[in-house]
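Results of the structural survey
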Amino acid sequence: MSATAIGTSVKRKEDASLVRGRGTYVENLTLPGTVFMAVVRSPYPHARIESVDLSAARAAEGVIAAFSGADLAGDWAGGLPCAWPVTEDIKMPPHYPLAVDEARYQGDGVAVVVAESRALAKDAAELVEVEYEQLPSVGDVVKALEDGAPLVHSDLETNECYVWKLESEGGVEEAIAAADVVVTRSYRQPRLIPNAIEPRGLLAQVGPTGEATLWSATQIPHILRFALQLVVGIPESKIRVIAPDVGGGFGSKLDVYAEEALAVALAKRLGRPVKWIEERSENYLATIHGRDVVHELTFAATTDGKITAVKSEATCAMGAYLQLVTPGIPLLGAWVYSGPYEIPHYSVTFTGVFTNTTPTDAYRGAGRPEATYVLERTMDALARELGMDPVELRRRNLVKEFPHTMASGLTIDSGDYEASLDKLLEHLDLDAIRADQAKRRESGDPKQLGVGFSTYNEMCGLAPSRILGAIRYAVGGWDSATIRFQPLGSVQVVVGTSPHGQSHETTFSQIVADRLGVDLDDVEVLHGDTAVSQLGMDTYGSRSLSVGGLALFHASEKVIAKARAIVAHQLEVSEDDLEFASGTFSVKGSPDRTMDIKAVAFQAHAAHNLPDGMEPGLEETATYDPANFSWPGGAHAAVMEVDCETGDTRLVRYVAVDDVGAVVNPQIVDGQVHGGITQGIAAALYEEGVYDDEGNLLTTTMATYLVPSAAELPSYETDRVETAADNPLGIKGVGETGTIASAPAVINAVVDALSHLGVTDIGLPATPERVWRAIEEVRT
Amino acid sequence: MRRVALTVNAVQHDLEVEPRELLVYVLRERLGLTGTNVGCDTSSCGSCTVLVNGESVKSCTMLGVQADGMDITTIEGLASNGELHPVQQAFHEHHALQCGFCTPGMVLAAASLIEHGEATSRAAIREGLEGNLCRCTGYHNIVEAVAEAAGVSS
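Note that the structure is predicted; figures quoted are calculated from it, not measured.

When you go through chain B residue by residue, the secondary structure sums to 5 helices and 5 strands. Listing every helix and strand of chain B by position from the N terminus yields β-β-α-β-β-β-α-α-α-α. C-alpha atoms of chain B, sized along the principal axes, occupy 50 × 35 × 25 Å. Long-range pairs, those at least 24 residues apart, make up 59% of the contacts in chain B between residues at least 6 apart in sequence.

Structure, rendered in structure tokens:
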């Protein structure tokens, strides 16, 4: 195996610039004549805009222009799009880049100022006088559904956005009625604020003939180009979106934002490049949040622990408006409420609800962490109810044969969940942990020990276009890749995915180098620019390798096929008589008759001697539409120490065994797993976006919202099981697995540490206060 | 405007800056040293960490005028003669960066920790890097990289 083959830990190509501080993040880019934009935002969760006085701002030093929402109303071809109307009768209120009559959440933009520098724009924004009449507002997703709750959109006459159901054919209620044991539990998963360390940023330029270029810290340059036409009315053919180096996304940059449309519209009006860099406190208000879901989950089971039905009812906050895929986020979890278990009866209901809060949308895992959390917590609750070991309960219910068609209708192509669980137990030494736990319980040690499990699966690799169509998503889920040999044998690879930390340059180079037998350094991966990569569906939902990587595989097959035809023609042999390995074609039985692929590339461009009718050049494009989702899975365990006197917790060990199929670059995959696990641990122990009942955000900075540092976390123990997915590379997605699996393992461990005291639940996140209160409650 | 004299990455600069201008913007916008990133507005994230007279400092917590007469090292000044600093090299080897946005600050904070003899164990490295947030890596590989650069055994 070569040092760069698929399966080896090639060191990243991306690092050479990033580790030297030579990244091209939007904030580092500038154009001659650039002006800076500042957005004036509503300080109230809900208010009628009585008047906007821009005169002082317009007169301020360095100010070029200032506009209210009403001033710009004629600039919009349409509102900010929502691409996922999940039901026929979903309520989709209009959402324009600036509010005109009413502001509906704290942070809703009401005016915009453009000035010669960022500081002057900010100074002038403070001079904008907006008169508001405060309106009743609601911040809580459950209260928003109560009779008489303040209405976010009064013309809708309800805060209910939609009700969506998925049920297996018949029998869920009957299975529950007939069950030996029924366990129902409620859970609240709070707001999570994604906190990519690079806030959002934009630079927009519009030329005299209307051609627009937008540099944006986005995950989705292609979808953004499409959406911009709908909002600003410039045809897609004249829009170029460039995602330069992007400093993390986690779903928060998978959106079409008001500021993106504003920057383009203002660049067009003013004839100057417009730049906007989000501040962190602004990011907390104006960039989407995740989660904010209240669940009730019911299991029906037999006394020997076979689960016969799962029923979930969830109330899901949309926020004040529907962003790009806001209503669809719960649906991304709709098929994993049975997780890796064989459960014959299945019912899932989501109620989407408007509140006077920042819109929610995709945050790492999107829907699947929500589902997996309530499923895995309830597995432990059922185990306690049955007096059964939680590992044994899981094992009894795991799917054992693949492919497996679930009661919910989709088919899991591959997996070996028991192998992951077995490997996890090998690493864990559960007997020693239980012995330590028993000793501490016996001695009344203030520091108690608990172990929590999470066996999980997920559906990712978004997504088969036909299925997306069936669930009313507006666009497709395919992706595209081009492999372009240059005449002297170096290779340009153009992909439709758009990375922001995921190492596509390295991983995709490895695939091409491996398939075509060229040097890794001869491969250049181009991405994130719609002028370079015309076709693409971008990066989210653990799709880049499992969809984009497979497009690349198919493009490489096409390149090999064309090269084979050229070689056969020039060596005057049949194509069937050629073997291709390590970049060289050789004639079977005559190993001295060879031609390497670089020579073929030259011949293809010289075109002196090609088969009749063949077009010159060696360049092939493949678009790949997956037939199924990607189905990673695995088993995780957390060991937690809980201080019963203070409620403080410490994560002692975290062990993860994941099956993400075949692995292209183990070091990069481990990095994805580490990062994913950490965001789940953070949700379990630290992070909570807090709104008061009216919708005032109380956690508005990194000083009040705890993004964990290295000091809060341990090093992780990771391992893999590899079952080949049903695709030519055998690969599955990996970007979200850790976040999906880890939160319930951590909370199950905290509850386990305190279960002998009678504690059965801890709210999220399990802060020292919540843990302490849970202990006090059972003591009194 | 106020005059300040700074030495940045061994180059002397005489500049006119606004009294309210933060050091990070002096570096980024007046000197074009865009390697120092800004990730928050509460001195929480550490992306803007630079070395001021050898000490690791969040350059958003300091005004440009306060840096008058001081010696500053940014990420651009860490490699010498094209050779990566051992911490930069270790970050590359251990895949201690993904999106790279926190990396300049993280590398400088780690270099300072090692320089001060405080990176004595993995636990000490974790404590020492508490002021620098990374959202991508979960810190696992950052700790491994710093441990290697500091000569902490595994």
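The next subject is the domain arrangement of chain B. All names here are of chain B. Here chain B is partitioned into domain 1 (2–76) and domain 2 (86–150). Between the C-alpha centres of domain 1 and domain 2 the distance comes to 21 Å. Between domain 1 and domain 2, the contact holds 15 residues from the first and 11 residues from the second. Elements with a contribution of two residues or more to the side of domain 1 that touches domain 2: β3 (49–52) and β4 (55–58). At 3 residues, the largest contribution of residues to the side of domain 1 that touches domain 2 is made by β3.

A few words on the nonpolar core. Within the largest apolar cluster, 308 residues are counted, with the highest numbers of intra-cluster contacts made by Met37, Ala111, Val113, Val746 and Val750 of chain A together with Val146 of chain B. Residues in contact with Ala111 of chain A, not counting those within four places in the same chain, are Val40, Val52, Leu54, Ala66, Phe67, Ser68, Gly69, Leu98, Val128 and Val130 of chain A.

Residue and element names in this part refer to chain A. The sheet built from 7 strands is open, its strands ordered β3-β5-β1-β12-β9-β10-β11 with mixed pairing. Looking along the sheet, the strands with just one partner apiece sit at the ends: β3 (63–68) and β11 (239–242). Averaged over all adjacent pairs, the angle separating strand axes in this sheet is 20°, with direction ignored. Helix α7 (residues 258–270) contacts β1 (35–41), β3, β5 (109–115), β9 (201–206), β10 (212–216) and β12 (274–277) of the sheet and is inclined by roughly 30° relative to β9.

Further remarks concern helix α5 (residues 140–150) of chain B. Most of α5 of chain B is tucked away, with 10 of its 11 residues classed as buried. Of all the residues in α5 of chain B, the buried ones are His140, Asn141, Ile142, Val143, Glu144, Ala145, Val146, Ala147, Ala149 and Ala150 of chain B. Elements that come into contact with the buried residues of α5 of chain B comprise α17 (666–685) of chain A together with α2 (86–93), α3 (103–115) and α4 (122–128) of chain B. Count one or two residues on from α5 of chain B and you reach Gly151 of chain B, which has phi positive near 75°.

Let us look at the domain arrangement of chain A. Many authors give the size of an interface as the accessible area that is lost as the parts come together. By the assigned domains, chain A splits into domain 1 (17–135 + 197–248 + 253–286), domain 2 (370–460 + 631–779) and domain 3 (478–624). Partitioning the side of domain 1 of chain A that touches domain 2 of chain A into residue classes produces 4 nonpolar, 3 polar and 1 charged.

Attention shifts here to the sheet that holds strand β14 (residues 307–319) of chain A. All names here are of chain A. Taking strand neighbours across the sheet as the criterion, the 5 strands line up as β7-β15-β14-β13-β8 in an open arrangement whose pairing is mixed. Edge positions in the sheet fall to β7 (160–167) and β8 (181–192), since each of these pairs with one other strand and no more. Strand after strand, the sheet turns through a mean of 10° between neighbouring axes, direction not considered. Here β7 runs beside strand β15 (residues 345–354); their pairing, made up of 7 bridges, is antiparallel. Directly across from Glu167, in β15, lies its bridge partner Ser347.

Here we come to the interface of chain A and chain B. Taken together, the 44 residues of chain A in the interface contact 45 residues of chain B. At the level of elements, α1 (15–18), α8 (280–286) and α17 of chain A are the ones that each hand at least two residues to the side of chain A that touches chain B. Of the residues forming the side of chain A that touches chain B, the biggest block, 7 residues, is contributed by α17 of chain A. For the side of chain A that touches chain B, a count of residues per class yields 16 nonpolar, 18 polar and 10 charged.

What counts and how
- Residues numbered from 1 in each chain as written.
- Chains lettered and ligands numbered in written order.
- Predicted model: local features only at pLDDT ≥ 70, side-chain atom pairs only at ≥ 80, totals over all residues.
- Helix = DSSP H or I, 4+ residues; strand = E, 2+ residues; numbered from the N terminus.
- Contact = placed C-beta atoms within 7 Å.
- Domains from an automatic or database assignment.
- Core = buried A, V, L, I, M, F, W, Y, C linked by C-beta atoms within 7 Å.
- Buried ≥ 20, exposed ≤ 12 C-beta atoms within 10 Å, placed from the backbone.
- Pairing = 2+ DSSP bridges.
- Axes fitted to C-alpha atoms, helices over the stretch in contact; angles between N-to-C directions.
- Nonpolar A, V, L, I, M, F, W, Y, C, P; charged D, E, K, R; others polar.

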